[in-house]
Amino acid sequence: MPMAPRSILITNITLRTRTGTEVMTAELAFALAARGHHVAIYSPRIGDLAMRVMAHGIPVTDRIETLTSPPDIIHGHHNTPLAVAMVRFPATPAIFVCHDVATPYDEPIIAPRIGAYIAVDQGSAARLLTQGVEAAQLHLIPNAVDLDRFICRTNFAATPRTALAVTKARAPWLPAVREACATAGIALTEVGPGVNRSVDDLPARMRDADIVFGWARSAIEAAATGASVILCSEYGFGGLLTTAIAERYPEGQLGRQILPMAVTPAGISDAILRYDPVDTARVATIVRQKLSLDDMTTRYEAIYDQVLAAPAESASTGLATFLERTFPRFDLPSDLHHDALSLDARLIRLDAWLGRRTRLEQLPVPDLPFDNMSPALGLLHTGWADPEAWGVWTIAPVATIDLPIAHLTAWDGNLVLRCNHYFPAGDEQDRLRPVEIRAAGRLLARLSFLRRDYGRSESIIHRLAIPGSLWRGQSGALRLAFHILAPQSPLDAVEGDDPRRLGLALESISGP
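Residues numbered from 1 in each chain as written. Predicted model: local features only at pLDDT ≥ 70, side-chain atom pairs only at ≥ 80, totals over all residues. Heavy atoms only, no water.

1. A short note on the overall build of the protein
Thought 1: Of regular secondary structure, the protein possesses 14 helices and 21 strands.
Thought 2: The buried share among the 512 residues of the protein stands at 52%.
Thought 3: In the protein, 65% of the contacts between residues at least 6 apart in sequence involve partners at least 24 apart.
Thought 4: Carbon together with sulfur atoms contributes 53% to the accessible area of the protein, which is approximately 22300 Å² in total. (Helix = DSSP H or I, 4+ residues; strand = E, 2+ residues; numbered from the N terminus. Buried < 20%, exposed > 50% of the residue type's maximum accessible area, 1.4 Å probe, protein only. Contact = heavy atoms within 4.5 Å. Areas by Shrake-Rupley, 256 points an atom, 1.4 Å probe, with all protein chains shown as cover.)

2. What to know about unusual backbone geometry
Thought 1: Although it is not a glycine, His78 adopts a positive phi angle of roughly 75°.
Thought 2: With respect to the helices, strands and loops of the structure, His78 is situated in the loop between β4 (73-77) and α3 (79-88).
Thought 3: The backbone of Ala216 sits at a positive phi, close to 55°, despite the residue not being glycine.
Thought 4: Residue classification places Ala216 among the partly exposed positions, given a relative accessible area of 31%.

3. Some thoughts on the side chain of Arg113
Thought 1: Within the element layout of this structure, Arg113 appears in the loop between β5 (94-98) and β6 (114-119).
Thought 2: A distance of 3.4 Å separates a polar side-chain atom of Arg113 from the backbone oxygen of Pro90. (Polar contact = N/O pair within 3.5 Å; in protein donor to acceptor, adjacent residues only side chain to side chain.)

4. A look at the packing of aromatic side chains
Thought 1: By the definition in use, this model includes 7 aromatic pairs.
Thought 2: Consider the rings of Phe423 and Tyr454, whose centres lie 6.1 Å apart with planes at 50°: the pair is tilted. A residue pair is termed long-range when its members are at least 10 positions apart, and Phe423 in the loop between β16 (414-421) and β17 (432-439) and Tyr454 in the loop between β18 (442-450) and β19 (461-465) qualify at 31 residues.
Thought 3: Note on Phe423: relative accessible area 1%, which makes it buried.
Thought 4: Three or more aromatic residues joined by ring pairs form one cluster here, namely Trp390, Trp393, Tyr422, Phe423 and Tyr454. (Phe/Tyr/Trp six-rings, centres within 6.5 Å; stacked < 30°, edge-to-face > 60°.)

5. A few points about the sheet that holds strand β9 (residues 187-191)
Thought 1: An order of β9-β8-β10-β11-β12 is seen for the 5 strands of this open sheet, with the pairing classed as mixed. Each edge of the open sheet is held by one strand with a lone partner, namely β9 and β12 (236-240). Here the average twist between neighbouring strands, direction ignored, is 15°.
Thought 2: With 5 bridges connecting them, strand β8 (residues 162-166) and β9 associate as parallel partners. Note that in β9 the partner of Val166 across the bridge is Val191. (Pairing = 2+ DSSP bridges. Axes fitted to C-alpha atoms, helices over the stretch in contact; angles between N-to-C directions.)

6. What about the pairing of β6?
Thought 1: With 5 of its 6 residues buried, β6 lies for the most part within the structure.
Thought 2: Pairing between β5 and β6: 5 bridges, direction parallel. Paired with Ala94 across the bridge in β6 is Ile114.
Thought 3: Sheet topology places β6 next to strand β7 (residues 138-140); 3 bridges connect them, and they run parallel.

Purely geometric stuff here, so don't read any function into it on its own.
Below, the structure is given as C-alpha cells:
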C-alpha cells in the first residue's frame, strides 16, 4: 500500500559535487519526490549539485531560516546540519543515517526525538552501537543504485581491454593500478576528485569499461552496469568482486571500510587475470536485485511511518549535550578546536599536505609531541580526543595522522613512537590489546600492549620502519592509520563516567 505523502527535510553537510553522501542525498530526494512526497534539502554548503537538484523542482537552502513550514520528519545525514534542523523545528521527529566509521560529523546525536538510526554498512553499524545507540533502534540499509541511470550492458567482453579508475579525494592506489594496466595492455581512464577530473557521464563510462577500479558507492554502481569491479581504496585492496562477495553484502569485505590487503601491482595483475565475464554478469544481477534505489526508498518510507507512529518526544537533553560539545566554550583554556591554536593546527596540516615549509618549521625536531600545547597537534586528522597535558587518546576505531614527508626524510623512515594503550583495572596482567598501523592500504606493523605495562611512569617505546616506496620522492604528507582492535570505555569498565572508547595513548613520534 503506498505511503501517504509526507513533508520530508533532508540534511547533508554539503551539496556541491558528487561525493557519496551528496549523490545519495540527491537521488533519495528525487525518488521520494517521484512518489508524491514534499522534499526539501538543508545543506550549509551548496554548489553545482544543489543547482541541479533545484532544477528538478526540489528546494535546497543553506539558510535554515528560509524554511518556514515544519516538515513531518527530518532525514538527517551528518550531525551538525541535523542539529540545526532540530533546533529550527523543535517538534519534528528525526532519523539519523551514519555513513562513515571515523568522521566527526557522522557521530550520532543521542536524543529522544531521533526515532531511528540507520547504518549503511557494518563499520557504521558498529560505530553507532559503540557510541550509544540502542540495538532496537538500529537499522542496516546499504546505499543503493539508481537502476534507471546505471543501465546494465548486454554484452560482456571475453577479454578486458578498457578500464576506468574512479577516485575519491585520495587515491594512493593509482600508481599500482597504472602499472598493472600497462603490463596487461589495458587502456586506463581516470576520473574523480583524486585526479581533479569530475564527469557528468559516469554511468555511461562505467557501462563502457570492461573493468572498474573503485570502492563503496562507485563499486556497486559499476557492478550494476556489468563492469568487472576490482576493489581499491586508500584503506586497502579487496580483490575482484565475485558472486561470493556480492551475495554476502552487506556482510563481508564489500561492506567494510577497511580492506584486508595492501594495493600492489602484483595484486592488481592477479585480479585482472581472474576476470570472468560469466561471473561478472552474475554479480550485476545480484547487485541489481539487492541494491535498487526503489527498494531502499521503500525501506526508508517504512521507517518514517514507524517513527511518526510512535509517541511524540520533545525532550532536548541529547541535542543540548551535542551542542555543548560542539560549540566554543570561551571560558575555558585554549582548546584545539575553537581558537587561534585551531587555526594554526589546520594550517600546519595543510602545509604538510602541500609540502610547504613555513609552518612546518614550527614543529619540534626531532620530536613531535602531542600534548595540549604542541603545534604538532595540527597533524592529527580524525579519530582523536581533545589533547591533554601528557598527549592524546584515540576514541574511534580508526585514528589517522598526516606525517610530513620532510620529517620522514630526515628520519630515513624510522620512527620511534612513545605510546601505551588503555586497560581497565580489572584486566588480567597478561591481557593483550593490539593496534595495527597502516598506510596506503599496507599493514606496516601490529603493536602489542600488555596490561602489566599500563600505568608505568616511563614511556613505552615502539619502533616503526616505513618502507621508502611510500615516501621517497614524494611531497606533502603520508597518512598513517591506527586501527584500534580492542578499545574500551571507562564507563563500561565501571571506572567512572567517561563513555569514550579509549585505545592508543600517544605521547610523541620522533626519529631514531
